[in-house]
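Architecture at a glance
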Amino acid sequence: MIPDVVVLGVGARSHVGLDALQVTLASRANKMRPRESHMIDRHGEPIGTCRLASLSDADQGLPRFVALAVPALLQATFAWRKELGLRGPLPPLPVVIALPNTSRPGFDRRLLRDLFPWLQHRSGIVLDARLSMTVEQDRGGGVLAFVRALELLEENLCDVVAVGGVDSYFDPDVLEHLDAEYRLHALETENGFIPGEGAGFLLLSRRSRASGLPKIAKLIGVAVEDEPRPWGHEDPCHAVGMTAAIRGACGKDFEKARRIPWVLTDVANERHRVDEWQLAFGRTFRAYSSEVKHDQPLLKTGDVGAASAAMLAAMACVQWAIGGAPGDLALVATHSDGPERGALLLGTADDAGGGLP
């Protein structure tokens, strides 16, 4: 368990909203509006995607990822920059970012070399080049990014760290691959998902080093595990990885702990993801309250891939800040296409104060 890590700021961006508050409220209001693109599927029909109208369709790869990430990072760090900026120059900020797997078709390898220089230039925030890092493991890697950020705090390498993810399926190679695998939602593929794009960031700190900044939430537990039989395996998935991740995030005595009233997952329409979550949920049912609410925001934003974990966590924090959450504990669970599985347990801060910028 994590004793004293708090959330000082959140930011998010998707096709339904330009900041974390808009993304959260528009998702709750079911404002998803997929748009046809110039890319054609195997039947000769335009592929629909949930992409930002403010971004040019000509921007793909690194420029698109940066355009998605910068506003979310600026929002998450707003209060920290405002408060510490009054005292003098800001220290370099470590940033841990989840990205899609490098083996995914269409992956722009410039992200591995140029993402942080571009982020620093476009945001105006001096980034800590020594401590900043990327995690390229898709949705499950979004939780691994939190693990890496916590390691920086636990080793006293920094006072604050920004952790998040950014992803976009708006690329001809990845859309062609998903279409060939019958994974794009369509009349002939009812259990496919709608490709989206987005970014999410949280600013984390030890409570003792929060410099008097308002606390939005606290991070209680985090765990990542591998699923031995992920999607595509010849044997059926028994949700061993996700079950272990949930138990790890909730702690060794998770069955004796206070029940979780709220779960946010990256489960969309794909049948294998639905089945795997139902198995994991059933195996860990003692961790939840009798009236637990299961939110599936990606059904209303489009699948945001590696940005899922941070965006779901940001949504939970927003609902706590505005008083719209179904409980004071929230479990975030994400599943990669590969073996990576992750779970985060968050709660309201004991000394929560202030809200969102």
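This report concerns the structure included in the present document. Here the structure is a predicted model, which is why all the values come from computation and not from measurement.

**Section: the pairing of strand S8 (residues 217-226)**
- Bridge count between strand S1 (residues 5-14) and S8: 3 bridges; the pairing is antiparallel. Looking at S8, one finds that Val6 is bridged to Lys218.
- Pairing between S8 and strand S12 (residues 340-348): 9 bridges, direction antiparallel. The partner of Lys218 across the bridge, within S12, is Gly347.

**What about the layout of surface pockets?**
- There is about 360 Å³ of room inside the largest pocket.
- Considering every element that reaches the lining of the largest pocket, the biggest residue donor is strand S3 (residues 46-49), with 3 residues.
- Broken down by class, the residue content of the lining of the largest pocket amounts to 9 nonpolar, 4 polar and 6 charged.
- Roughly 260 Å³ of volume is contained in the second largest pocket.
- Along the walls of the second largest pocket sit 17 residues, with Asn101, Ser103, Arg104, Asp138 and Asp337 positioned nearest its centre.
- A per-element tally of the lining of the second largest pocket places helix H6 (residues 172-180) first, with 3 residues.
- Of the residues in the lining of the second largest pocket, the class split is 6 nonpolar, 6 polar and 5 charged.

**Thoughts on the packing of helix H2 (residues 62-76) against helix H4 (residues 110-123)**
- At a minimum axis distance of 9 Å, the contact between H2 and H4 shows a crossing angle of 45°. By the angle class used here, H2 and H4 are oblique. Classified by chirality, the crossing of H4 by H2 is right-handed. In contact with Leu62, Pro63, Phe65, Val66, Ala67, Ala69, Val70 and Leu74 of H2, H4 contributes Arg110, Leu111, Asp114, Leu115, Trp118, Leu119, Arg122 and Ser123.

**Things to note about empty space enclosed by the protein**
- Taken as a whole and judged by the stated rule, the model has 2 cavities of 30 Å³ or more.
- Class assignment of the residues belonging to the lining of the largest cavity gives a composition of 6 nonpolar, 3 polar and 3 charged.
- Of the pockets and cavities examined, the second largest cavity occupies roughly 40 Å³.
- Considering the residues around the second largest cavity, the lining is formed by Trp231, His272, Arg273, Glu276, His335, Ser336, Asp337 and Arg341.
- Tallying contributions element by element places helix H8 (residues 271-283) first for the lining of the second largest cavity, with 3 residues.
- For the lining of the second largest cavity, the class distribution of residues is 1 nonpolar, 3 polar and 4 charged.

**Observations concerning the environment of Leu112**
- As for its placement among the helices and strands, Leu112 is situated in helix H4.
- Through-space distance from the C-alpha of Leu112 to that of Glu136 is 9.2 Å; in sequence the pair is 24 residues apart.

**With respect to the state of the cysteines**
- What the rule picks out here adds up to 0 disulfides.
- In this structure Cys158 is a free cysteine whose sulfur lies 18 Å from that of Cys317, the closest cysteine sulfur available.
- Cys158 gets classed as buried once you look at its relative accessible area, which sits at 11%.

**So, helix H1 (residues 20-28)**
- Buried within H1 we find Ala20, Val23, Thr24, Ala26 and Ser27.
- At its buried positions, H1 is contacted by S1, H2, helix H9 (298-301) and helix H10 (308-322).
- Of the residues that open H1, the one with a side-chain oxygen 3.2 Å from the backbone nitrogen of Leu21 is Asp19.
- Looking one or two places after H1, you find Asn30, whose phi comes out positive at around 55°.

What counts and how
- Residues numbered from 1 in each chain as written.
- Predicted model: local features only at pLDDT ≥ 70, side-chain atom pairs only at ≥ 80, totals over all residues.
- Heavy atoms only, no water.
- Pairing = 2+ DSSP bridges.
- Helix = DSSP H or I, 4+ residues; strand = E, 2+ residues; numbered from the N terminus.
- 1 Å grid on protein atoms, 1.4 Å probe; cavity = no way out; pocket = protein on both sides within 12 Å on 5 of 7 lines; lining within 4 Å.
- Points joined across faces, edges and corners; volume = space filled by probe spheres on them.
- Nonpolar A, V, L, I, M, F, W, Y, C, P; charged D, E, K, R; others polar.
- Axes fitted to C-alpha atoms, helices over the stretch in contact; angles between N-to-C directions.
- Parallel < 35°, antiparallel > 145°, perpendicular 65-115°, else oblique.
- Left-handed = near helix turned anticlockwise from the far one by under 90°.
- Contact = heavy atoms within 4.5 Å.
- Disulfide = S-S within 2.5 Å.
- Buried < 20%, exposed > 50% of the residue type's maximum accessible area, 1.4 Å probe, protein only.
- Polar contact = N/O pair within 3.5 Å; in protein donor to acceptor, adjacent residues only side chain to side chain.

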